[in-house]
Amino acid sequence: MKIPQTKFVIKSPELKKVEWKNCDFNDERKMFDTFSLQHNIFGNLNVSIRKYEDGFNRWIIEIKNSLNKLFGQEILSMEKETKNMIGYNIVVEPEYRYQGHRFGELLRLFSVMEMNENKAKQLKIFSKGSAVYFHSKYKFVPCNIKFFDRDMALEAMSKDSTENFADLKQRAKEIFDAVLKNKSDSEKQRELCRQTNTLTKEYIKRALQEPDASSKHAFDYGMDMVLTREEILKNKDFFNNLFKKYNIDYSI
């Protein structure tokens, strides 16, 4: 599916500073203060974060308008000691998907800010197959450690009939052959997970150079993915340009 160009246009050209406060869990973790944007179509939008009332000490980032209508949300947790993060769900409301509004991108930027401000080493997620390329655009990489997930990724790549993916397809088949030959060798199976992650990262990178990657080079099953602090710092210009795009006065 071809994604239309963004309709997310900020009315005011002035950068707006992000303010921070201590979270409500009585520790040093930080949360951003409610951030307001003036959207060209939807008017005033607020991006906020609060404790998610599910009994698991999770947080929820939400995009709402002045009438409290929800546009998108992401549910996260952050370890108290390490401040490493887990993302459980990122969702844009159905009527706003594939419209170029970029609400998913905006949610991702605020979770990256949370990660950076709290100096978390990583943000781990399980991506649906249909969302793998979305997360990859924001520097998430495969990190499968489950053998089943690894095998599903190998199956998807080994079915790719595109001519310029023939070499990656062959490597996927070779790794899967090794999986079958070494069923009783746990250490070898873990090594094959690492090889598969490397191959999948290369496969995704090549697929993203083409239009409609998610349909031409689809993953039928999801996978574990991770965004590391190292990747954020390495790609700080990429993220900083996105902050400027939304007139957010914040930089990595």
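So, how was this worked out
- Residues numbered from 1 in each chain as written.
- Predicted model: local features only at pLDDT ≥ 70, side-chain atom pairs only at ≥ 80, totals over all residues.
- Heavy atoms only, no water.
- Helix = DSSP H or I, 4+ residues; strand = E, 2+ residues; numbered from the N terminus.
- Rg over C-alpha atoms; globule rule 2.2 N^0.38 Å.
- Contact = heavy atoms within 4.5 Å.
- Lys, Arg positive; Asp, Glu negative; His and termini not counted.
- Charge placed at Lys NZ, Arg CZ, Asp CG, Glu CD.
- Core = buried A, V, L, I, M, F, W, Y, C linked by side-chain atoms within 4.5 Å.
- Buried < 20%, exposed > 50% of the residue type's maximum accessible area, 1.4 Å probe, protein only.
- Pairing = 2+ DSSP bridges.
- Axes fitted to C-alpha atoms, helices over the stretch in contact; angles between N-to-C directions.
- Left-handed = near helix turned anticlockwise from the far one by under 90°.
- Nonpolar A, V, L, I, M, F, W, Y, C, P; charged D, E, K, R; others polar.
- Patch = residues over 30% accessible without salt bridge, like charges linked within 9 Å, V, L, I, M, F, W, Y side chains within 5 Å.
- Areas by Shrake-Rupley, 256 points an atom, 1.4 Å probe, with all protein chains shown as cover.
- Salt bridge = Lys/Arg side-chain N within 4 Å of Asp/Glu carboxyl O.
- Phe/Tyr/Trp six-rings, centres within 6.5 Å; stacked < 30°, edge-to-face > 60°.
- Lys NZ or Arg CZ within 6 Å of the ring centre and 35° of its normal.

Engineer: Mind laying out the overall build of the chain, listing which residues take part and the relevant values?
Structural biologist: Helix and strand counts for the chain stand at 8 helices and 12 strands. Taking 2.2 N^0.38 as the reference for a compact globule, 252 residues should give roughly 18 Å; the C-alpha atoms of the chain span a radius of gyration of 20 Å, in line with that estimate. Expressed as lengths along the three principal axes of its C-alpha atoms, the size of the chain is roughly 60 × 40 × 30 Å. Counting only contacts in the chain whose residues sit at least 6 apart along the sequence, the fraction spanning at least 24 positions is 62%. Distance between charge centres in the chain, computed from 44 positive and 37 negative side chains, equals 2 Å.

Engineer: Describe the nonpolar core, listing the residues and the values that go with them.
Structural biologist: Counting residues in each nonpolar core, the largest one holds 61 residues, and the members touching the most others are Val47, Phe110, Phe219 and Ile248. Here the element with the most residues in this core is helix H1 (residues 103–117); it accounts for 8 residues. Setting aside residues no more than four positions away along its own chain, isoleucine 248 makes contact with Leu15, Lys16, Val18, Phe35, Leu106, Phe110, Met113 and Phe243.

Engineer: Requested: an account of the sheet that holds strand E6 (residues 58–65), with residues and values cited.
Structural biologist: Ordered by their spatial adjacency, 8 strands build an open sheet running E4-E5-E6-E7-E8-E9-E11-E10, and the pairing between neighbours is mixed. Here the strands that pair on one side only, and so sit at the sheet edges, are strand E4 (35–39) and strand E10 (141–142). Contacts from H1 reach E4, strand E5 (43–52), E6, strand E7 (70–78), strand E8 (85–92), strand E9 (122–127) and strand E11 (223–228) within the one sheet, and its direction differs from that of E8 by about 160 degrees.

Engineer: Break down the side chain of glutamine 73 for me, with residues and values.
Structural biologist: On the secondary structure map, glutamine 73 appears in strand E7. Judged by its relative accessible area of 18%, glutamine 73 is buried. Beyond its immediate sequence surroundings of up to four residues, glutamine 73 is in contact with Ile60, Ile61, Glu62, Asn89, Ile90, Val91 and Leu107.

Engineer: Account for the packing of helix H3 (residues 147–158) against helix H4 (residues 166–181), naming residues and giving values.
Structural biologist: Close contact between H3 and H4 brings their axes to 8 Å; oriented N to C, the two are set at 145 degrees. Of the two elements, H3 crosses H4, and the hand of that crossing is left-handed. Taken together, the residues of H4 that come into contact with H3 (itself represented by Arg150, Asp151, Leu154, Met157 and Ser158) are Lys169, Ala172, Lys173, Ile175, Phe176 and Val179. Considered class by class, the residues forming the contact of H3 with H4 number 6 nonpolar, 1 polar and 4 charged.

Engineer: How would you explain a nonpolar patch on the surface if you had to name every residue and give the values?
Structural biologist: A cluster of nonpolar side chains, contributed by Phe126, Phe148 and Tyr221, occupies part of the molecular surface with about 300 Å² of accessible area. Here phenylalanine 148 falls in the partly exposed class, since its relative accessible area comes to 48%.

Engineer: Describe the pairing of E5, listing the residues and the values that go with them.
Structural biologist: Sheet topology places E4 next to E5; 5 bridges connect them, and they run antiparallel. Paired with glutamine 38 across the bridge in E5 is asparagine 44. The pairing of E5 with E6 spans 8 bridges and is antiparallel. Bridging from a neighbouring strand, arginine 50 pairs with isoleucine 60 of E6.

Engineer: Explain the packing of aromatic side chains residue by residue, including any values.
Structural biologist: Tallied over the full model, the rule gives 19 aromatic pairs. Ring geometry for phenylalanine 42 and phenylalanine 103: centres 5.8 Å apart, planes at 50 degrees, overall tilted. Within this pair, whereas phenylalanine 42 is found in the loop between E4 and E5, its partner phenylalanine 103 is found in helix H1, the two being separated by 61 residues in sequence. Residue phenylalanine 42 is classed as partly exposed on the basis of its relative accessible area of 21%. The structure contains a cluster of three or more aromatic residues connected by ring pairs, namely Trp20, Phe32, Phe35, Phe110, Phe243 and Tyr250. Directly above the ring of tyrosine 88 sits arginine 58, whose terminal nitrogen or CZ lies 3.9 Å from the centroid. Lying over the aromatic face of phenylalanine 238, lysine 139 brings its terminal NZ or CZ to 4.4 Å of the ring centre.

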